[in-house]
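Examination of the molecular architecture
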Amino acid sequence: MRKSIATVSVSGTLAEKLHAIAAAGFDGVEIFENDLIASPLSPEEVRARAADLGLGIDLYQPLRDFEAVPAEVLAGNLRRAERKFDLMRRLGADLLLVCSSVSPDGIGDDDLAAEHLHLLADRAARHGIRIAYEALAWGRHVSDYLHAWRVVQLAGHPNLGTCLDSFHILSRGSDPIGIEAIPGDKIFFLQLADAPRLAMDVLQWSRHYRCFPGQGGFDVAGLVTHVLKAGYQGPLSLEVFNDVFRQADTGRTAKDAMRSLLALEEAVGLAPQIPPPVIPTGFAFAELTVSESEPTGSEPEPTGSESGPGDTDGDRLRDLLAALGFARTGRHAAKPVELWEQRDARILLNTTGTESAPERAASVPQSPPEPAAAAPESTRVAPALAALGLESPDPAGSAARARSLLAPVLPRERGPDEAALDAIAAPDGTRLFFCRTDRPGPLGHPGLSDHPGQRDQAGLPGDVRRASWVGDFGPREPVAGPVSHIDHVALTQPLHHFDEAALFYRGVLGLRPLPSLELPDPYGLLRSKAMASDDGAVRMVLNIARVGGQHVPWQHIALACDDLVTTARGLRDARPDLLLPIPANYYDDLEARHDVPPELRELGLLYDRDEHGEFLHLYTITVGRVFFELVQRLGGYRGYGAGNAPVRLAVQHAGTRG
Ligand SMILES: O=C(O)c1ccc(O)c(O)c1
Ligand SMILES: [Mg+2]
């Protein structure tokens, strides 16, 4: 379907907005009146600019407080409307949005409203213009979409139809099924927005917290299904008022908007061109970039103690990994990358130390360097979690889906002997590699689980193109130990990209989000959203933490253990300096709430439970931006111990603040 977006949805001047909207692939725009009024471009210039960019002007909006007014006000309103018709002729727009009156002058009389709208439609018809009447959720007398439709029916003018806006309908809790009773050709326009579920004044909610479909809590796709059943054939148009998007990078927001519409089209069965999601079946690896130089001054000191042998970040991480039971099983044939393993948990240490994830993402050709893509200076410290390997049953299919949802595909320089990996950049700059770890290794370097007879879909033997990435690290021995695999990773998101990232991971990887949580931090607030595959094989947590106005860049890798009590006891004995100390008050409270064994306190283990099971976990000290968590899920526990995060944050802050 035709895809449009209201200019109010993105940041910038009108000219900047039009360019970014066109670049993101939209067909048309709604020109929001304030954007035009503040623009130095004449209406003719706006028209020409839009035409040059291949954009239609699908709607001009809004005309406010028009209908059901006393006679003396009506004359002025009609005069105002005539001026707007003239403006629309210059713009080349033929659809005007009239939103339901909020004026104290307004009279609660549907017949009068219909009479006035009929008059307006009659005048509009002389200019070849049509009127779309929309119920604002806070309209003084008309606030429900079916009420607006009754008024349109009463008016009975061919140039008058209704405009449906998903926010106004869903925010009031109206049942969208009623849309199916409206003839499709009387729905003149469809505006789409999602929003987080908030209990607040609806006008404030609408003006500040709307987001793109798929980023909030509304069933926008369900609503669109009703609109399509009604026979609507006009554009799908995004109209999003959002305080964060107003400040964010224009091009990036426009692209995020387009990704949202593509995913929405897919959800309602209108996007056969988008390859289906390939749900990842686990983590193949997590890659840390580390600097071999002295620890950088700007990064947080490890909490707890000076810790460990060696004095580079790399040495500190190696020490930490070894203490957790990992062993270095190989070095990359061509790059300064070490592979550390323990059963199915794999960590890559990339000691180039120069490449941070955001820099890498900004250098992707498909996404020209955007200021917003670069992380603030303070987050550019090594070590950082720069890349994730995701196990995919069909890596090429994973990459194809990502590409069709506008993910930048990363070029990969590959040596003659190396495995090729499909890789994309996530909005936060994290590189995502789609892997099949159990593929045969490259010729001469069999992988750990070699299947010499295996052929891929193209009928090729396990050749270099299709070889497993682990083959690049040479022959390896399995490493036994308490850690079985990566349970989840927690990535910090820049504030401006939180909703974008959530939609990205959900759309591209097919992960299901849990509701966002807000958790207290001694110096701020942590906003957190967990997402997981249905079977829990891939779990990610997206966090934004702002403390004293500054982004807190901590990331972590959670490792699953079979028997955390025993593992914790071993660590307590051997390397207590590597564990985050937990305050006694935590255990006083925990023991008041739950009947837990005293060894939790003794071992510094944290505890949580949900309706499915129980959770034990502990945290390590932080090196650079990164720390580890050891976890054990008992029964079918599905959470992440989020209730304990405030305690962790308090201890971590105490460590960095000395
Ligand atoms: O907030 C508003 O005033 C406003 C204006 C026009 C719209 O289409 C809308 O949904 C809201
Ligand atoms: Mg609207």
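Each chain carries its own residue numbering, running from 1 in the direction its sequence is written. Following the order in which they are written, the chains are lettered starting with A and the ligands numbered starting with 1. With the structure being a predicted model, the display of local features is reserved for residues of pLDDT at least 70 and the display and counting of side-chain atom pairs for 80 or more, all residues being used for whole-chain, interface and lining totals. Values reported for side chains reflect all heavy atoms of the structure, with hydrogen atoms and water molecules removed beforehand.

Helical segments are the DSSP runs of H or I of at least four residues, strand segments are the runs of E of at least two, and each set is numbered from the N terminus. Position of His116 relative to the elements: it lies in helix α5 (residues 110-126). Throughout, exposure labels follow a simple rule: accessible area from a 1.4 Å probe, protein chains only, divided by the maximum for the residue type, with under 20% read as buried, over 50% as exposed, and the rest as partly exposed. Under the relative-accessibility criterion, His116 is labelled buried at 3%. When neighbours within four sequence positions are excluded, His116 is seen to be in contact with Phe66, Glu67, Ala68, Val69 and Leu74. Note on contacts: a residue pair is in contact if any heavy atoms of the two residues lie within 4.5 Å.

All right, on to the sheet that holds strand β3 (residues 56-63) then. For two strands to be treated as a pair, DSSP must find no fewer than two bridges joining them. Taken together, eight strands build a closed barrel; the order of strands is β1-β2-β3-β4-β5-β6-β7-β8 and the barrel is parallel. Averaged over all adjacent pairs, the angle separating strand axes in this sheet is 30°, with direction ignored. Across four bridges, strand β6 (residues 160-165) lies against strand β7 (residues 187-192) in parallel orientation. Bridge pairing in β7 places Asp165 opposite Gln191. Orientation is described by lines fitted to C-alpha atoms, with helices fitted over the stretch in contact, and by angles between N-to-C directions that extend from 0 to 180 degrees.

Segmentation into domains, and thus their bounds, comes from an automatic or database assignment. Once the domains are mapped, the protein shows domain 1 (3-267), domain 2 (282-473) and domain 3 (484-656). Facing 11 residues of domain 1, the contacting portion of domain 3 comprises eight residues. What gets called buried area is simply the loss in accessible area from a 1.4 Å probe that two parts show on being joined, summed for both. Where domain 1 abuts domain 3, roughly 1,000 Å² becomes buried across the two surfaces, and 56% of that area is made up of carbon and sulfur atoms. Among the residues domain 1 hides against domain 3, the three largest losses belong to Gln215, Arg252 and Arg259. Together they make up 45% of the total. Salt bridge criterion: a side-chain nitrogen from Lys or Arg within 4 Å of a carboxyl oxygen from Asp or Glu. Inspection of the region where domain 1 meets domain 3 yields one salt bridge. Pairs of N or O atoms within 3.5 Å make up the polar contacts considered here, provided that, within protein, one atom can donate a hydrogen while the other can accept it, and that residues adjacent in sequence are counted only when both atoms are side-chain atoms. Taken together, the connections running from domain 1 to domain 3 amount to four residue pairs in polar contact (both at pLDDT 80 or more). Under the scheme applied, nonpolar residues are Ala, Val, Leu, Ile, Met, Phe, Trp, Tyr, Cys and Pro; charged residues are Asp, Glu, Lys and Arg; polar residues are all the others, including Gly. For the side of domain 1 that touches domain 3, the per-class residue count stands at four nonpolar, four polar and three charged.

With that out of the way, let us pick up the sheet that holds strand β9 (residues 282-289). Pairing in this open sheet of seven strands is mixed, and the strands run β10-β11-β12-β9-β13-β15-β14 from one edge to the other. Edge positions in the sheet fall to β10 (327-331) and β14 (422-425), since each of these pairs with one other strand and no more. Geometrically, the sheet is characterised by an average inter-axis angle of 25° between neighbouring strands, direction not taken into account. As judged from the four bridges shared by β9 and strand β12 (residues 345-350), these two strands associate in the parallel manner. Of the residues in β12, the one forming a bridge with Glu287 is Leu348. Against the sheet, helix α11 (residues 313-323) touches β9, β10, β11 (337-342) and β12, its axis set at about 170° to β12. Taken strand by strand, helix α14 (residues 498-509) contacts β13 (384-391), β14 and β15 (431-435), and its axis lies near 15° from that of β15.

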